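So the chains spell out like this:
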Amino acid sequence: MFEIYGEFDSVEELNKAAEGLLNEGDTESLLQLAEENGLDPEDADDYIHGGSGQLASLFMAACGRIAVDEKENINQIKHPMEQMAMQTIVTVLKGMLTDDGVAAGVMRKGKRSTEIFREMKRQAEKHKSGNMGMCCGTDRELQGILRAYYTQDTKAFAQAVENLYPKTAEPVKNKKVQK
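Owing to the predicted nature of the structure, the values given are computational and were not obtained by experimental measurement.

Draft legend 1. Fine view of helix H5 (residues 80–95). In a regular helix each residue adds 1.5 Å, so 16 residues correspond to 22 Å; H5 covers 23 Å between its end C-alpha atoms and thus fits that length. Turning to H5, its buried residues are Ala85, Met86, Ile89, Val90, Val92 and Leu93. Looking straight down H5, one finds its buried side chains confined to an arc of 165°; they lie on one side. In H5, the exposed positions angled more than 90 degrees off the buried face are occupied by Pro80, Met81 and Gly95. Among the structural elements, helix H4 (58–72), helix H6 (100–106), helix H7 (113–126) and helix H8 (139–151) are those in contact with the buried residues of H5.

Structure follows, in structure tokens:
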């Protein structure tokens, strides 16, 4: 993942690299840059031929980042139920990319949907009872988790995942019933 050009921290960095390659006339490398970042070759071709002023919009770059993440990481999950949970995370995330804050968060270095999955799985194990599996919560809860991961700090993210599980009540102490 990102072996040739490295991982960019923003769409601006990606577009700046593309601009440099275009100015050098290195269209082959520019197409390679687009591919490495999950962008459509036709969009790169449009950029090369002046049909677009930049290689990628924030939305396009975030979609590309998710596509790369999906290709590299998600397909490594072997258990079908875990694949389904991971696919749910990615599907909901894709629907949130119209929020510029979330899309910009997706573009930050090191942010991976698989990290969300791992934390949710870790919390599921922590709260496991009987045959219960991993919980993605409601759509709104999952959106809150994704928003926390991509736009807030790690503490807010961990708390959002923890909130999927009910707090266990304090053990009731034996009280003597007065007659």
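Next comes the rest of the write-up.
Draft legend 2. Fine view of the packing of H5 against H7. Where H5 meets H7, the closest approach of the two axes is 10 Å, and the angle between their N-to-C directions is 125°. In terms of axis orientation, H5 runs oblique to H7. H7 is crossed by H5, and the crossing has right-handed handedness. Residue-level contacts link Glu82, Ala85, Met86, Ile89 and Val90 of H5 to Ser113, Thr114, Ile116, Phe117, Met120 and Lys121 of H7.

Draft legend 3. Just the environment of Phe59, in detail. By the secondary structure assignment, Phe59 is in helix H4. Taking C-alpha positions, Phe59 is 11 Å from Gly105, a pair spaced 46 residues apart along the chain. Dropping the residues within four chain positions of it, Phe59 is found in contact with Leu97 and Thr98.

Draft legend 4. Just the packing of aromatic side chains, in detail. Taken as a whole and assessed by the stated rule, the structure comprises two aromatic pairs. Both rings, one in Tyr149 and one in Tyr150, keep their centres 4.7 Å apart while their planes meet at 85°; by these two values the pair is edge-to-face. Feature note: the residues Tyr149, Tyr150 and Phe157 constitute an aromatic cluster, connected by ring pairs. Positioned over the ring face of Tyr149 is Lys111, at 4.1 Å from the centre of the ring.

Definitions and cut-offs
Residues numbered from 1 in each chain as written. Predicted model: local features only at pLDDT ≥ 70, side-chain atom pairs only at ≥ 80, totals over all residues. Heavy atoms only, no water. Helix = DSSP H or I, 4+ residues; strand = E, 2+ residues; numbered from the N terminus. Expected span 1.5 Å × (residues − 1). Buried < 20%, exposed > 50% of the residue type's maximum accessible area, 1.4 Å probe, protein only. Arc of directions from axis to C-beta. Contact = heavy atoms within 4.5 Å. Axes fitted to C-alpha atoms, helices over the stretch in contact; angles between N-to-C directions. Parallel < 35°, antiparallel > 145°, perpendicular 65-115°, else oblique. Left-handed = near helix turned anticlockwise from the far one by under 90°. Phe/Tyr/Trp six-rings, centres within 6.5 Å; stacked < 30°, edge-to-face > 60°. Lys NZ or Arg CZ within 6 Å of the ring centre and 35° of its normal.

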